[in-house]
Amino acid sequence: MTTIKTLQTALRALRRNKTRSALTVLGIVIGIASVIAMMEIGKGSSGAIARTIASMGANNLLVMPGTASSGGVTFGAGSVKTLTAEDAQAIQDECPAVAATAPIARARTQVVFGERNWVPTFIYGTTTQYLEVRDWRDLTEGDMFTDADVRSGARVAVVGQTIVRELFQGRSPVGKEMRIQNVGFKVVGVLSGKGANAFGWDQDDIILAPWTTIKYRISGSTGNSPTGSSSSVASSTTTAPSRDAVYPGTTGDLYPAVTSNMLTGGPMPARFANVDQILVAARSGDQIRPAIQQITQLLRERHRLGPGEPDDFSIRDMTESANSLASTTAMMTNLLLAVALISLVVGGVGIMNIMLVSVTERTKEIGLRMAVGARARDILMQFLVEATVLCFIGGIFGLLLGRGTALLVREALGWPVEMSVEAIVASILVSALVGIVFGFYPAWKASRLDPIEALRYE
Amino acid sequence: MPEALIQLRDIRRTFHVGELDVPVLKGVSLDIARGDLVALTGASGSGKTTLMNILGCLDRPTSGEYLLDGQEVSRLSSDQRALIRNKKIGFVFQSFNLLSRTTALDQVIMPLAYTASGLSDRDAKARAKEMLTRVGLGERLDHTPAQLSGGQQQRIAIARALINRPPVLFADEPTGNLDSTTTMEILQMFQELNVSDGITIVIVTHDPNVAAHCRRNIRMRDGVLESDTTSQPRSVIPASADHAHASGAQR
């Protein structure tokens with residue numbers, strides 16, 4: 001018996017018992033529909049959870065300059081200046097696992113507004129990308145400074161909620177001018193509240209400004225050297241002192257000119273426009289490992305490090321946060337998988353039950369088919385195909401119902417919903433598989449019937 | 001005399017009921033010629049149904065030889081027997097055994113699904129239509145069994161039995177569920193198929209009237225043949241006018 005004929009026979013048999021077929025299918029329809037709806041809602045919420053955790057910095061990597069050593073004495077991470085803002089740009093442009101990067105020049109100093117003063121935990125000189133890297137997109141007031149501000153080293157800043165409270169006493173700071181290290185900064189925006197990070201640091205106690213401005217106007221003039229020593233190794237940033245003189249008239253020439261010697265692979269000169277660290281956002285939690293690899297490779301190349309030389313930088317990831325993200329997502333997925341399996345097994349048992357009833361009821365038909373020449377395997381195939389077709393149809397309707405339910409939930413309850421192509425493909429395949437698995441026993445039973453007994457069956 | 005279509009040699013069939021061996025057929029030898037019209041009679045428990053099952057390749061004898069159309073079939077596997085049933089044997093049952101809620105046309109086409117010949121759908125339909133027209137139901141292709149009388153249902157069953165053009169037709173009490181008028185119509189159809197198409201027909205029956213319409217009467221008793229007589233069969237209606245009359249009567 002050909003496949004097409006078997007399929008036709010199965011469809012004809014199912015049409016003969018429309019009501020029963022429909023009711024049988026209902027089990028699978030509900031099973032698959034609940035799986036699809038669960039998966040879409042679940043994917044939506046785990047997406048939302050992933051975004052929440054990502055905003056805590058789980059996807060972030062921190063690239064730090066390497067350690068300097070002299071005569072066997074190392075000076076700790078960040079003691080040499082090897083990272084530049086150009087490195088940050090290159091990482092963003094050339095590493096596929098990286099979503100965004102932001103160079104950071106740090107300062108820690110007093111900020112004055114009117115009669116009040118405050119020492120923020122973080123004074124970060126960075127680029128506009130910082131907010132994207134930290135997934136900190138919403139400002140409660142005003143705007144982020146612009147790329148043009150960064151290029152020109154403009155004296156503008158965005159402040160966090162704690163600064164607003166402590167320095168501005170809760171009043172709107174936008175448009176006001178505060179002084180950092182005697183340099184006037186105009187506040188252009190206020191960040192939304194983020195609270196403390198995993199280590200208890202108040203993340204709202206922050207001032208963001210163009211890294212060029214912080215570097216050349218603040219940390220440059222502070223020296224920021226704990227010992228006050230002239231050794232460039234110990235200070236947190238090296239500076240180009242001439243920048244103070246030319247500021248604010250010029251915009252370019254932040255980096256030393258590339259000489260022909262450098263282009264041909266000669267040693268790089270000391271980096272004048274270095275930054276303290278580069279903050280990197282990987283595309284997702286599982287992209288962190290590839291991102292580390294790609295960044296390492298890229299920076300080794302850019303820094304002209306030979307095969308034997310140690311890295312002149314180090315990369316830190318927020319492993320703990322990343323792990324919690326991964327385990328939350330995995331738990332969510334497993335939970336849904338369990339629900340899905342239970343639904344499908346219940347549906348499958350329903351199919352098996354009805355197929356058994358159907359085999360008993362159609363014993364005479366089976367006997368007749370055998371009498372006119374159906375072999376055992378023809379009967380087996382007929383009932384197997386019937387069960388599979390039933391499940392498949394149930395899968396299709398379940399899919400539609402599930403999508404509909406998910407959309408309804410989104411509209412009515414406002415839950416995040418995300419379509420899951422894998423779930424759709426998997427549930428169609430699984431429904432067909434359920435048909436085969438649960439249809440096999442009844443079909444096998446039918447095929448084992450003795451034609452004489454079957455014909456005599458009443 | 002041409003080679004017999006059916007040759008049975010010392011066919012025995014023993015059933016095992018628990019520890020007991022119950023012999024039902026105790027050595028049956030029988031030849032049935034091509035184109036014969038045979039009635040198989042006997043009391044209940046005489047073994048005629050068992051013999052019929054063996055003849056119809058639904059069952060295998062415990063011992064003995066069975067040549068059907070020159071082929072030894074008594075030792076074939078169940079798949080091989082299914083093929084023989086499909087190609088060489090047509091069945092007609094007392095209870096018609098039609099598929100419920102299925103049109104006459106689909107009933108008749110059904111056995112073709114198990115045929116390897118690979119008839120196209122259109123050819124299959126054409127042949128089924130032809131068979132239904134033969135049995136006088138050319139106008140009722142779309143009727144389901146519930147919409148038809150007993151006689152009409154049995155005619156669909158006959159058309160279905162003939163769809164694969166088998167040389168032999170086995171009918172197990174084909175008129176057992178029919179009234180006397182319809183019985184005559186069915187018998188007439190058998191005679192006609194027998195005469196005009198040369199189809200060999202074996203009818204198992206209790207009814208002496210049915211047996212009287214067959215050329216050869218075989219009587220069984222206690223698992224052996226009791227008597228085997230050949231006589232001029234009683235004809236229902238003169239052969240030439242049969243068909244038109246029957247069709248007319250149905251409408």
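Draft legend 1. Just the overall build of chain A, in detail. Along the backbone of chain A there are 15 helices and 14 strands. Split into buried and exposed, the 458 residues of chain A put 44% on the buried side. Contacts in chain A between residues at least 24 apart in sequence constitute 80% of all its contacts with a sequence separation of at least 6.

Draft legend 2. Fine view of the overall build of chain B. The helix and strand tally for chain B stands at eight helices and 10 strands. When contacts within chain B are restricted to residue pairs at least 6 apart in sequence, long-range pairs at least 24 apart make up 71% of them.

Draft legend 3. Here's a closer look at the pairing of strand β13 (residues 277-282) of chain A. Residue and element names in this part refer to chain A. Of all six residues making up β13, six are buried, and the element is well covered by its neighbours. Side chains Gln 277, Leu 279 and Ala 281 of β13 all project onto a buried face; the interleaved residues Ile 278, Val 280 and Ala 282 project onto the opposite face, where all are buried too. Bridging between strand β1 (residues 60-65) and β13 involves four bridges; their strand directions are antiparallel. Paired with Val 63 across the bridge in β13 is Ile 278.

Draft legend 4. The pairing of strand β6 (residues 89-92) of chain B, seen in detail. Residue and element names in this part refer to chain B. Side chains Ile 89 and Phe 91 of β6 all project onto a buried face; the interleaved residues Gly 90 and Val 92 project onto the opposite face, where all are buried too. Where β6 meets strand β7 (residues 168-172), four bridges bridge the pair, whose relative direction is parallel. Counterpart to Ile 89 in the pairing with β7 is Val 168.

Draft legend 5. Layout of the packing of helix α5 (residues 150-162) of chain B against helix α6 (residues 180-197) of chain B. All names here are of chain B. As a packed pair, α5 and α6 sit with axes 9 Å apart at the nearest point and diverge in direction by 20°. Classified by the interaxial angle, the pair formed by α5 and α6 is roughly parallel. Handedness of the α5/α6 crossing: right-handed. Residue-level inspection shows Gly 150, Gly 151, Gln 154, Arg 155 and Ile 158 of α5 in contact with α6, the latter providing Thr 182, Glu 185, Ile 186 and Met 189. For the contact of α5 with α6, the residue count by class is three nonpolar, four polar and two charged.

Draft legend 6. Just the sheet that holds β6 of chain B, in detail. All names here are of chain B. Reading across from one edge, β6-β7-β8-β3-β9-β10 is the order of the six strands in this open sheet, with mixed pairing throughout. With partners counted over all chains shown, the strands left at the sheet margins are β6 and β10 (224-230), one partner each. Sheet twist, expressed as the average angle between the axes of neighbouring strands with direction ignored, equals 20°. As judged from the six bridges shared by strand β9 (residues 216-221) and β10, these two strands associate in the antiparallel manner. Looking across to β10, one finds that Ile 218 is bridged to Asp 228.

Draft legend 7. Structural detail: the interface of chain A and chain B. Listed as interface residues are 19 residues of chain A and, on the opposing side, 21 residues of chain B. With five residues, helix α12 (residues 363-371) of chain A is the single largest residue contributor to the side of chain A that touches chain B. Each residue belonging to the side of chain A that touches chain B can be placed in one class, and the counts come to 10 nonpolar, two polar and seven charged.

Draft legend 8. Quick look at the packing of helix α3 (residues 85-94) of chain A against helix α10 (residues 288-302) of chain A. All names here are of chain A. Look at α3 against α10: their axes get within 10 Å of each other, and the N-to-C directions meet at 135°. By the criterion of interaxial angle, the relationship of α3 to α10 is oblique. Here α3 runs over α10; the crossing is right-handed. Counting all contacts with α3, which are made through Asp 87, Ala 90, Ile 91 and Glu 94, the residues of α10 involved are Ile 295, Leu 298, Leu 299 and Arg 302. When grouped by side-chain class, the residues that make up the contact of α3 with α10 number five nonpolar, no polar and three charged.

Draft legend 9. A look at the sheet that holds strand β1 (residues 6-17) of chain B. All names here are of chain B. Taken in spatial order, the four strands of this open sheet run β2-β1-β4-β5, and their pairing is antiparallel. The sheet is open, and its two borders are formed by β2 (20-32) and β5 (71-72), each paired with just one other strand. With five bridges connecting them, β1 and strand β4 (residues 63-68) associate as antiparallel partners. Paired with Arg 12 across the two strands is Ser 63, which belongs to β4.

Draft legend 10. Spatial organisation of helix α4 (residues 121-134) of chain B. Residue and element names in this part refer to chain B. A rise of 1.5 Å per residue sets the reference length of α4, with its 14 residues, at 20 Å; its end C-alpha atoms lie 20 Å apart and thus fit the reference within 8%. For α4, the set of buried residues is Ala 124, Ala 128, Met 131 and Leu 132. Along the axis of α4, the buried residues cluster in a sector spanning 95°; they form a single face. Opposite the buried face of α4, by more than 90 degrees, sit the exposed residues Arg 122, Asp 123 and Ala 126. In this fold, the buried residues of α4 make contact with α3 (104-109) and α5. Once α4 finishes, Gly 136 follows within two positions and takes phi at roughly 85°, a positive value.

Conventions we followed
- What you see as residue numbers is a count from 1 along each chain, following the sequence as written.
- Numbering of ligands from 1 and lettering of chains from A proceed in the order in which they are written.
- It should be noted that, the model being predicted, local features are given only for residues of pLDDT at least 70 and side-chain atom pairs only at 80 or more, the latter also being counted only at that level, while totals for whole chains, interfaces and linings use all residues.
- We count a stretch as a helix when DSSP gives it H or I for four or more residues in a row; a strand needs E for two or more, and each element gets its number in order from the N terminus.
- Our exposure labels follow a C-beta count within 10 Å of each residue's own C-beta, placed from the backbone: buried means 20 or more other C-beta atoms, exposed means 12 or fewer, and partly exposed covers the counts in between.
- Here, residues touch in the contact sense if the C-beta positions derived from the backbone fall within 7 Å of one another.
- Between any two strands, pairing holds if DSSP finds at least two bridges.
- Here the axes come from fitting lines to C-alpha atoms, over the contacting stretch only for helices, and the angles between their N-to-C directions go from 0 to 180 degrees.
- Throughout this description, any angle smaller than 35 degrees is read as roughly parallel, any larger than 145 degrees as roughly antiparallel, any in the 65 to 115 degree range as roughly perpendicular, and the remainder as oblique.
- Crossing handedness: left-handed means the near helix sits turned counterclockwise from the far one by under a right angle, and right-handed means the same turn made clockwise.
- Residues are grouped as follows: Ala, Val, Leu, Ile, Met, Phe, Trp, Tyr, Cys and Pro are nonpolar; Asp, Glu, Lys and Arg are charged; every other residue, Gly included, is polar.
- The length a helix should cover is 1.5 Å for every residue beyond the first.
- This arc is taken over the directions from the axis of the helix to the C-beta atoms.

That is the geometry; function is a separate question.
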